[in-house]
Amino acid sequence: MATLYTHQSENVSKTWILMIFMFGLIVSIGWFLSYYYNDQIILYIAVVFSVVMNVAGYWFSDKVALSMSRAVPASESSYTELHNIVENLAITAGLPKPRAYIIPDQAPNAFATGRNKDHAAIAVTEGLLQRLDRSELEGVIAHELSHIGNRDILISTIAVVLAGCISIVSDFFLRGMIRRNSDDNKGGNALVIIGILLMILAPLFAVLIRLAISRKREFLADASGALLTRYPEGLAKALEKIAAYDHPMNHASDATAHMFISNPFGSQALKGIHGLFATHPPVDERIRALRDLSV
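Residues numbered from 1 in each chain as written. Predicted model: local features only at pLDDT ≥ 70, side-chain atom pairs only at ≥ 80, totals over all residues. Heavy atoms only, no water.

## Some words on the pairing of strand E4 (residues 120–125)
Reasoning step 1: Across the six residues that make up E4, a large majority, six, are buried.
Reasoning step 2: Burial along E4 is two-sided: Ala 120, Ile 122 and Val 124 and Ala 121, Ala 123 and Thr 125, pointing in opposite directions, are all buried.
Reasoning step 3: As judged from the five bridges shared by strand E2 (residues 99–103) and E4, these two strands associate in the parallel manner. Counted as the bridge partner of Arg 99 is Ala 121 from E4.
Reasoning step 4: Relative to E4, strand E3 (residues 110–114) runs antiparallel, the two sharing five bridges. The residue of E4 that forms the bridge with Thr 113 is Ala 121.
Reasoning step 5: Taken together, E3 and the strand that follows it, E4, pair antiparallel across an intervening segment of five residues. (Buried < 20%, exposed > 50% of the residue type's maximum accessible area, 1.4 Å probe, protein only. Helix = DSSP H or I, 4+ residues; strand = E, 2+ residues; numbered from the N terminus. Pairing = 2+ DSSP bridges.)

See below:
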């Protein structure tokens, strides 16, 4: 019979498979461009560019995410309960206490950021604090601490950076190919045709991989958070209240949407074809999985 740890292991394995595919896609693009332009330096430039973007994302992702969300430090005197919950759960999880931030927004939501457990932060909206009781807030904080403990933040940041690199490089060189003389002697080569198709589809692949990683990680963080609080119903009820709020956040962004515990664009963004590109799995599925842990 499957256990909580079995599901965690499966999700981690699937995430790494997706990441390996992402790296393989980047290498394929770089190799094709080098072949097409008969210039090996293109591959080297692509690799260096990816490394630079990864390093920058690793060191500065938390500052960027907090700034884009308009988050400000939460003073201990004004937000005593929040700090107590974060500290108590961090001790239980065996993690250093993350920095606490407040987002001045009435939409209930939260996210964690940082390159590792020693440089982590948790940001919650004012709306979240107003709408959730203590057990529900503990469920949300435990979920975010699970992201920190599982190093989800670093992995998701790298995935976003790589996806952005693929999209930029693909667009740049695809435009260059279109401008090339149509009678190029390589134009009829089947490999060139395959390469062009790869360049067109690469940005879509990158986005789908990033979204798939985000979705798997949300299920894992839900399960880990429930294990931390020993009360899955707290997070389940919190997700119900969060989902019931139908308005988007004031400063919702595609760049940071995957980091939040719930889609910052509101439930309307999950309807129709937009649901295929949602950064989070359906809330009903997450709530059902949490309540299955209680039985």
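## So, the sheet that holds E4
Reasoning step 1: Read across the sheet, four strands follow the order E1-E2-E4-E3 without closing on themselves; strand pairing throughout is mixed. The sheet is open, and its two borders are formed by strand E1 (72–73) and E3, each paired with just one other strand.
Reasoning step 2: Helix H5 (residues 134–149) rests against E3 and E4 of the sheet, and its axis sits at about 150° to E4. (Contact = heavy atoms within 4.5 Å. Axes fitted to C-alpha atoms, helices over the stretch in contact; angles between N-to-C directions.)

## Looking at the packing of helix H3 (residues 80–93) against H5
Reasoning step 1: In the contact formed by H3 and H5, the axes pass within 10 Å of each other and the chain directions differ by 50°. Compared by their axis directions, H3 and H5 come out oblique. Both H3 and H5 take part in a crossing whose hand is right-handed. Residues Glu 81, Leu 82, Ile 85, Val 86, Asn 88, Leu 89 and Ala 90 of H3 form the contact with H5, whose own contacting residues are Arg 134, Leu 137, Glu 138, Ile 141, Ala 142 and Leu 145.
Reasoning step 2: Here the residues of the contact of H3 with H5 sort into nine nonpolar, one polar and three charged. (Parallel < 35°, antiparallel > 145°, perpendicular 65-115°, else oblique. Left-handed = near helix turned anticlockwise from the far one by under 90°. Nonpolar A, V, L, I, M, F, W, Y, C, P; charged D, E, K, R; others polar.)

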